[in-house]
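# Summary of structural features
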Amino acid sequence: MNELKGKRALVTGASRGIGLAIARKLSDHGVSVALAARNTKQIELHVRELRKSGAKALAIECDVSQFHDMEQAVNTAVYEWGSLDILVNNAGTIEPIAPLTQGDANAWAQAIDVNVKGVYFGMRAVLPLMEAQHSGVVVNLSSGAANSALEGWSHYCSSKAAVKKLTECAHKELAGAGVRIVGFSPGTVATDMMATIKSSGINPVSQLDWSTHIPPEWAAEAVAFLCCDEAKEFDGTDFSIKTDEGRRRVGLPV
Ligand code: NAP
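Bear in mind the structure is a predicted one, so any value in this text is a computation, not a measurement. (Residues numbered from 1 in each chain as written. Predicted model: local features only at pLDDT ≥ 70, side-chain atom pairs only at ≥ 80, totals over all residues. Heavy atoms only, no water.)

Looking now at the sheet that holds strand S3 (residues 57-61). Taken in spatial order, the seven strands line up as S3-S2-S1-S4-S5-S6-S7 in an open sheet, and their pairing is parallel. Looking at strand neighbours, the two that pair on one side only are S3 and strand S7 (238-240), the edges of this open sheet. Strand-to-strand twist across the sheet, computed as the mean angle between neighbouring axes with direction ignored, equals 20°. Taken together, the five bridges between strand S5 (residues 137-141) and strand S6 (residues 180-185) define a ladder with parallel strand orientation. Within S6, the residue paired with Val138 across the bridge is Ile181. In this fold helix H1 (residues 17-28) packs onto strand S1 (8-12), strand S2 (32-37), strand S4 (86-89) and S5, with an angle of close to 170° to the strand it touches most, S1. (Pairing = 2+ DSSP bridges. Helix = DSSP H or I, 4+ residues; strand = E, 2+ residues; numbered from the N terminus. Axes fitted to C-alpha atoms, helices over the stretch in contact; angles between N-to-C directions. Contact = heavy atoms within 4.5 Å.)

Ile22, Leu26, Leu35, Val88, Val139 and Phe184 are the most contacted members of the largest nonpolar core, which has 43 residues in total. Among the secondary structure elements, those contributing two or more residues to this core are S1, H1, S2, helix H2 (40-52), S4, S5, S6 and helix H8 (216-226). Examining the composition of this core, we find that seven residues originate from one element, H8, more than from any other. Grouped together as the second largest cluster of nonpolar side chains are 30 residues, Leu84, Val114, Val163 and Ala177 included. (Core = buried A, V, L, I, M, F, W, Y, C linked by side-chain atoms within 4.5 Å. Buried < 20%, exposed > 50% of the residue type's maximum accessible area, 1.4 Å probe, protein only.)

On to the pattern of salt bridges, then. Within the structure shown, the criterion is met by eight salt bridges. Close ionic contact of Arg180 with Asp235 constitutes a salt bridge, the shortest N to O distance being 3.0 Å. With Arg180 in strand S6 and Asp235 in the loop between H8 and S7, the pair connects residues that are 55 residues apart, well separated along the chain. Comparing Arg180 with Asp235 shows no difference in burial state: the two are buried. (Salt bridge = Lys/Arg side-chain N within 4 Å of Asp/Glu carboxyl O.)

Contact pair helix H4 (residues 105-133) / helix H5 (residues 154-174): the axes reach a minimum separation of 9 Å and the direction vectors enclose 15°. Accordingly, the angle class assigned to the pair H4 and H5 is roughly parallel. Remark: the crossing between H4 and H5 carries right-handed chirality. Touching Trp108, Ala111, Ile112, Asn115, Val116, Val119, Tyr120, Met123, Leu127 and Glu131 of H4 are Ser154, His155, Tyr156, Ser158, Ser159, Ala162, Val163, Leu166, Ala170 and Leu174, all from H5. Grouping the amino acids of the contact of H4 with H5 by side-chain chemistry returns 14 nonpolar, five polar and one charged. (Parallel < 35°, antiparallel > 145°, perpendicular 65-115°, else oblique. Left-handed = near helix turned anticlockwise from the far one by under 90°. Nonpolar A, V, L, I, M, F, W, Y, C, P; charged D, E, K, R; others polar.)

Below is the structure:
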């Protein structure tokens, strides 16, 4: 993955879980990383750790459900580093887990704001720049939920289906300009989100044994792979490491 060295990336939802693992992995590969999230204390702490090991890192406070915040995050990274080569739209929420007949309507809508609008806002903020420079990669965090229906997850399943379609549309519009957009479905990952799912007890995913979940570092390795040219064949699709074939491509254990 030598080609990643010297690249500049913005990762949303980088205060913990998969986003933090992605930021660390990209940094390991020599990428300058901007960590964006709402919890500034956390991202500043992670940035200090990364800088101690000689990495170039930035902490940017950002609520992805606000277009102004996403625009500012992109502008800050570009101001610091001259441009951006990679955007990982990772921020997402599983809450509120609730049956359709009982859930809080405003909280349901807020999940759509984060999971769907957040991804659109990220692409809207960065794609004009990538189109102008004829290069760049956007990775959108998807989920198996994009293709299935699960009890209590109406917001999550519909939002991830929308993200999948956003990836396809963006790929159709920008592949000709040399800009790559790819979705990524990691399978089940041992993070705070998965702990929330487990404690809900509401559908079969919540019943899975914790040992079946992959570590966030595996998801991060896959995202680093997707940022490289050798992953170009997956552009416009939802690449998955749920399958042995997907894991083999990344070099993960099967
Ligand atoms: P997590 O542990 O709950 O972390 C979520 C991250 O998103 C946090 O850094 C959080 O930071 C950030 N975030 C939430 N709302 C935000 C907002 N409005 N603006 C900016 N950042 C926001 O979740 P995870 O498991 O790492 O999941 C990361 C992504 O992978 C999500 O898109 C999720 O849907 C997807 N995914 C996860 C799994 C899984 O099994 N865990 C499976 C498939 C897909 P702040 O709270 O500091 O803002």
